[in-house]
Amino acid sequence: MNKGAFLDALEGELTKRRLSADEVRAAREYYADAIDERMDDGLSEQEATACMGLPVTCAQAAASETAPVPHLVRRFATRFALVNLVLAILTLPVWGMFVIAFLMIVASAYVTLFSLLLCAWLFFGCGIFLGVASVVTFFSSLHAGVPFSGLFVLGVGMLSTGTALRLLPLVAWATQALVETIRLLGLRIVGLFRRGGQGDAAASRPRTRLHAPRWPKELLSSGLGFVGLGALSTLTALVSCGFDISALPGVPVQQLGRLTVNLNGLLHLGDTILINL
């Protein structure tokens, strides 16, 4: 089945189920865009259309989605606005609590998703920053006469930078997935207050396929290089002190503009890890 035949069949099925003209047009446009997206991915028109499923199945999914809030309102609605107002006031203690609880759940969901997104990019940013700071600290340590302490800090910094670069594609993909989740959640929420639950029906349709961003091979290869350099530097420093990091003197504290950078914590952290191993 080609695109035109699928859309015509879908429109016929939706019309049989007494959906409004706006709902039928919205569904037709959505599936047309979904087929075009899959054709852009390299599928033929017939293959892209087949990914949508049968028109009857798609129509049933769109027609069966009914938002609970509008449905509840329609059940108790009357022809007189004054009666509606009185019913709303009398039942305020009941539905008001549900509305407040619903808004709190929605707010907490969005805060959680944005927090995950922020944490992912903070992890990447901290890995890059630690690498830069470790390089500055290493050269300062050479000047201060504590080369092996600086070498250990440099190794940890390079390991952090290399790990961050290797995980960059995963962080970018997770960002894309979280943004798509936030979008679908928004559609479902909006669908609760739209006639016929259009937003909820749209959220139940096939999702846009997530593609992992393509990164330059040089960038990913450099991540492995940083990891290797970091492992070699850290191992050299450990051998020099007999795997007793407490024997290494502290590294100089750096002043990067208005920011004070003290990486002596890396020495204490490494010493703690070795003691517990």
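Shown above is the structure to which this text applies.
Residues numbered from 1 in each chain as written. Predicted model: local features only at pLDDT ≥ 70, side-chain atom pairs only at ≥ 80, totals over all residues. Heavy atoms only, no water.

## Brief notes about the environment of Met158
Okay, step 1: With respect to the secondary-structure elements, Met158 resides in helix α8 (residues 147-191).
Okay, step 2: Given the relative accessible area of 5%, Met158 is considered buried.
Okay, step 3: Separated by 74 residues in sequence, Met158 and Leu232 have C-alpha atoms that sit 9.9 Å apart.
Okay, step 4: For Met158, the residues in contact, after removing those within four places along its chain, are Gly131, Ser134, Val135, Phe226, Val227, Leu229 and Gly230. (Helix = DSSP H or I, 4+ residues; strand = E, 2+ residues; numbered from the N terminus. Buried < 20%, exposed > 50% of the residue type's maximum accessible area, 1.4 Å probe, protein only. Contact = heavy atoms within 4.5 Å.)

## Quick word on unusual backbone geometry
Okay, step 1: Despite not being glycine, Phe243 has its phi angle at roughly 60°, a positive value.
Okay, step 2: Tracing the chain through its elements places Phe243 in the loop between α10 (217-240) and β1 (254-256).
Okay, step 3: Of the residues examined, Phe243 reaches a relative accessible area of 47% and is grouped as partly exposed.

## Description of a nonpolar patch on the surface
Okay, step 1: Nonpolar side chains collect at one region of the surface, where Phe129, Val132, Val136, Leu256 and Leu259 lie side by side and expose about 380 Å² of accessible area between them.
Okay, step 2: With 3 residues, the single largest contributor to the nonpolar patch is helix α7 (residues 92-144).
Okay, step 3: Among the structural elements, Val132 can be located in helix α7. (Patch = residues over 30% accessible without salt bridge, like charges linked within 9 Å, V, L, I, M, F, W, Y side chains within 5 Å. Areas by Shrake-Rupley, 256 points an atom, 1.4 Å probe, with all protein chains shown as cover. Salt bridge = Lys/Arg side-chain N within 4 Å of Asp/Glu carboxyl O.)

## Digging into the packing of aromatic side chains
Okay, step 1: Taken as a whole, this structure holds 4 aromatic pairs when the rule is applied.
Okay, step 2: Between Phe6 and Tyr31, the ring centres sit 6.0 Å apart and the planes meet at 65°, which makes this aromatic pair edge-to-face. Pair noted here: Phe6 is in helix α1 (residues 3-16) and Tyr31 is in helix α2 (residues 21-40), with a separation of 25 residues, a long-range link. Each member of the pair Phe6 and Tyr31 is classed as buried.
Okay, step 3: When the ring of Phe138 is compared with that of Phe139, the centres are 5.5 Å apart and the planes differ by 65°; the resulting orientation is edge-to-face.
Okay, step 4: A relative accessible area of 15% means that Phe138 is categorised as buried.
Okay, step 5: Taking the relative accessible area as the measure of exposure, Phe139 reaches 54% and is therefore exposed.
Okay, step 6: Taken together, Phe6, Tyr30 and Tyr31 form an aromatic cluster joined through their ring pairs. (Phe/Tyr/Trp six-rings, centres within 6.5 Å; stacked < 30°, edge-to-face > 60°.)

## Brief notes about the nonpolar core
Okay, step 1: Core analysis: the biggest nonpolar cluster contains 19 residues, and Phe152, Val153, Ile245, Leu248, Leu263, Leu266 and Leu267 have the highest contact counts within it.
Okay, step 2: Only α7, α8, α10 and α11 (264-276) provide two or more residues apiece to this core.
Okay, step 3: Contact partners of Leu263, with chain neighbours within four places excluded, come to Leu130, Ala133, Ser134, Thr137, Val153 and Val251.
Okay, step 4: Residues Leu10, Tyr31, Ala34 and Cys58 belong to the second largest nonpolar core, which totals 16 residues. (Core = buried A, V, L, I, M, F, W, Y, C linked by side-chain atoms within 4.5 Å.)

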